Amino acid sequence: MKKILSEKTGSCMVRMDWQPAPEGLAQIIPLLKESQSPDTIIQREVQQKLEELNKIPDFNNYLIYVLTKLTTQDEPTRSLSGLILKNNVKAHMNTLPPEVLYFIKAECLRAVGDPSPLISATIGILITTIATRGGLLAWPELLPTLCNLLDDTNTSVVEGSFGALKKICEDLAEQLDTDNENRPLNFMIPKFLTFFKHESSTIRSHAIACVNQFIIGRSQALMTHIDQFIEALFYRASDDNAEVRKNVCRAIVMLLEVRLDRLVPHMDNIIKYMLERTQDSDEGVALEACEFWLSLAEQPICREALQPHLPRLVPVLVRSMKYSEIDIILLKGDVEEDEMIPDREEDIRPRFHRSRSHHLSPSGPAPGGEEDDEDGMDDDSTLSDWNLRKCSAAALDVLANVFMNDLLPVLLPILKETLFHDEWEIKESGILALGAIAEGCMGGMIQHLPELIPFLINCLSNPKALVRSITCWTLSRYSHWVCQQPHDQYLKPLMSELLKRILDPNKRVQEAACSAFATLEEEACTELVPYLGFILETLVYAFNKYQHKNLLILYDAIGTLADSVGVHLNKPEYINLIMPPLIQKWNMLKDEDKDLFPLLECLSSVATALQDGFLPYCDNVFKRCVSLVEQTLNQNVAYLQNQQQFDQPDKDFMIVALDLLSGLAEGLKSHIEGLVSSSNLILLLYSCIQDSMPEVRQSSFALLGDLTKACFMHVHQCIPQFMPVLAQNLNPEYISVCNNATWAAGEISVKLEGDMAPYIQYLLPPLIQIINRPNTPKTLLENTAITIGRMGLVCPQLVAPDLKLFIVPWCTSLRNIRDNDEKDSAFRGICQMITVNPQGVIENFIFFCDAVASWNNPKPDLKEMFARILNGFKNQVGEPAWADFSQQFPAALKELLRANYGV
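Cut-offs applied
Residues numbered from 1 in each chain as written. Predicted model: local features only at pLDDT ≥ 70, side-chain atom pairs only at ≥ 80, totals over all residues. Heavy atoms only, no water. Helix = DSSP H or I, 4+ residues; strand = E, 2+ residues; numbered from the N terminus. Buried < 20%, exposed > 50% of the residue type's maximum accessible area, 1.4 Å probe, protein only. Contact = heavy atoms within 4.5 Å. Areas by Shrake-Rupley, 256 points an atom, 1.4 Å probe, with all protein chains shown as cover. pLDDT = per-residue confidence, 0-100. Core = buried A, V, L, I, M, F, W, Y, C linked by side-chain atoms within 4.5 Å. Disulfide = S-S within 2.5 Å. Expected span 1.5 Å × (residues − 1). Lys, Arg positive; Asp, Glu negative; His and termini not counted. Salt bridge = Lys/Arg side-chain N within 4 Å of Asp/Glu carboxyl O. Patch = residues over 30% accessible without salt bridge, like charges linked within 9 Å, V, L, I, M, F, W, Y side chains within 5 Å. Charge placed at Lys NZ, Arg CZ, Asp CG, Glu CD.

Observations regarding the overall build of the protein chain
In terms of helices and strands, the protein chain carries 50 helices and zero strands. For the protein chain, the spread of C-alpha atoms along the principal axes amounts to about 100 × 70 × 65 Å. Buried residues in the protein chain amount to 57% of all 903 residues. Intrachain contacts of the protein chain at a sequence separation of at least 6 include 76% that bridge at least 24 residues. Surface summary for the protein chain: the accessible area is close to 39100 Å², and the carbon and sulfur share equals 51%.

Considerations on the confidence of the model for the protein chain
Looking at the protein chain, the pLDDT average stands at 89 and 93% of residues meet or exceed 70. When mean pLDDT is compared element by element in the protein chain, helix 43 (residues 796–799) scores highest at 97, while helix 2 (residues 40–53) scores lowest at 76. The model gives residues 1–15 a pLDDT under 50, and that stretch makes 34 contacts with residues more than four places away or in other chains. Predicted confidence for residues 378–383 stays below pLDDT 50, and this span has 23 contacts to residues more than four positions away or in other chains.

Section: the environment of valine 799
Checked against the element boundaries, valine 799 lands in helix 43. Distance in space between the C-alpha atoms of valine 799 and methionine 833 is 7.1 Å, their sequence separation being 34 residues. Not counting residues within four places of it along the chain, the set of residues in contact with valine 799 comprises Ile760, Leu764, Ile788, Met791, Gly792, Phe806 and Met833.

Some remarks on the nonpolar core
Soluble globular proteins: nonpolar side chains tend toward being buried together. The biggest cluster of nonpolar side chains holds 323 residues, and the ones touching the most others in it are Trp293, Phe614 and Phe848. Looking at this core, the element that brings in the most residues is helix 34 (residues 652–668), giving 11 residues.

Here's the deal with the state of the cysteines
Scanning all chains against the criterion turns up zero disulfides. Looking at cysteine 391, it has no disulfide partner, and the nearest cysteine sulfur is the one in cysteine 290, 3.7 Å off.

Comments concerning helix 30 (residues 548–565)
If you check helix 30, its first and last C-alpha atoms are 27 Å apart, about what 18 residues at 1.5 Å a residue would give, namely 26 Å. Count one or two residues on from helix 30 and you reach glycine 566, which has phi positive near 60°.

Some details on the side chain of lysine 427
Note on placement: lysine 427 falls in helix 22 (residues 424–436). Aspartate 422 provides the closest opposite charge to the buried, unpaired lysine 427, separated from it by 7.5 Å. For lysine 427, the contacting residues outside a window of four places in its chain are Thr418, Leu419, Phe420, His421, Phe455, Asn462 and Val467.

Thoughts on a negative patch on the surface
On the surface, a cluster of negative charge is contributed by Glu522, Glu523, Asp556 and Asp563. Broken down by secondary-structure element, the contributors of at least two residues to the negative patch are helix 28 (507–524) and helix 30. Relative to the helices and strands, glutamate 523 resides in helix 28. A relative accessible area of 34% places glutamate 523 in the partly exposed class.

Following this line, the structure appears as structure tokens:
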């Protein structure tokens, strides 16, 4: 390509009257026009030409010239020139000749007040990019110049300067408030406050937005003027401009968190104001105001301050939960049957795999497990992620948790009116409100549920798809109550209707029903066993009916069912129903297809539940999982060796494969031995436990523990290599990795027995540290206690000397779990350690007594160990001392120890 632009600008400063060569402009302008073409091939060609021109220093002078001076060109072309220049500055700031950078800076400040909002906004973006890349100190005249321009008589200049300052405040908030930069905020904040009363609404809005940037960070300059700021905000409260009202609401919501003390004296008026704004004709303002109720709910004054306003607030929130006309158009709410319309790939939200975490099932879900999905309150995935409807429903939810049953006298009359309304949009909002209060108001709602649940089950047949879908969600919120009632009355009709909705002709309803059924499965667990055939027939039928997006949710419902009913799924008739469609999908998907993630997760749960029932399918599944792990590891090595040539692999493929292998090991037990022996899995696992990504290590240690239980002979030979790596991962900074490594160490201890001795010195100190650490999650505490107990079982002489360091948290963390094999082996270990070192427990013997009492039915020999230790202690201290000691026991503990152990 001919280089028409001059390659030299000279070593002196570019003169401010620098003029482009006409032929240079003639070369650039067509390129700028072409780059707006939708044709990707043309765009690629333009990109190449621009990169070539980038090598010429003068090129950036041309770009700033087109942006700021070439008024003969249309605004989109000029703006585009500025955005290309911004990207150049971002990428090559440090190599730009000083004279070119000087010219760009000077032109930006000269033209910041361009009468075109698009051009001045582009200049503002460019200014902020230069300031961000080079730092404010490298452009000392920037802030004084922009602040001086605020006093210009030309409104365009003031608006342009404020626009630039607003972007600087957003991107460089910290720099503006440091001594290194002489704290520019000390003169900026008072200056901005004077513009809250400006006649231009754009300037008023910018001024408030600038100050708002410094609320959350509690900037000293703002805190000094806090009363003046609040007064100025109140003055602007009823501004006729929506953008100004939005910024006022945003400021008040942030101040609630940061300077509640300054708002408390005005709280009654603020609540009344926010009530008005939540009903603002501009939805953006209403949404900002609605955030206030979410923030207020977190404040200790909420209940007292808001109680008198509930009769006005609750109806406003419920009204705001109604779909707007535009929502219904965007959601295609008038389309009742769309199951035959193929999904668009862009409508399918990315899925993120959650790695396997080992926890003791009696203790409930592991931390970080999936909680109630607030998004389920209405899957407006085609709308913006957050809107007034969702915010209002979330506000009602948190207020229900604050006021609990005291909310019901206000809400129940509204629900009675909305739930039975003729207009479907109003009925739908009532059903959403009923779901939103489920958690907070459950106690007070119980008396109404015998009437409401049948009503809701009936609504599952409503002719409007949006009513059917929200009803699925609301019923899922009450599924805990449903599962506690006689099956024939509520569970069976609910299950029957939800399964019909899983086969609904509307895709949104299918999705909501699948999600609701998964929640019901988690609540009902083995209560579903009598209905398994009926459930599986429906889920399998859905396989052939569902489009791409809902198929991914169906996998989740099947996986959750397997988790909930466990080994009850292992019957030939159920296996013949569920496995063929799963394996068919498995065979269809390529190794690089991300739809493998939910399918592998689902198969992991199914394999664990089916146990030996999975044997006919395990060979194919095992080999592919090992292959996925190996491929990912190889791709990662290639990437690390040559990042220019190779892409970084998606390690989620490896993580889900490791988790499915864990499921196979857990389900197949010793049957997996032959598969492991004929593969290089143990070698691959050694690489995986050293991976830089915590989620990979988390799944790797889960698999290590499961393989230890299932086929230890293959793990055994590599123990000397595995153990030092395992010890390094006993680091509670990565809770889930640490949890699984701890659990695996316990499983290895049980298998190694006395051969565990060489590793105790590496493992015990970090475990003692973890068990004594404040705020350690319950699951990690339990696993740590069990592993310490198991190490004490196999090497009591080595662990017992430290008994005093962990006995209290050990006892308190294991007293709450139900009887099981892991608890059994841990308590045998603690008994062994007490026998070796009785002094280690003497000071805290009451904790041991309490932990022993947590057993409902210990095995006879374990019960004998408990009796021996308890009676030994009693005999050692003597009857009178024991009588004094046992005085501090709660009556129930005292009676239990006397009845079971004779002490």
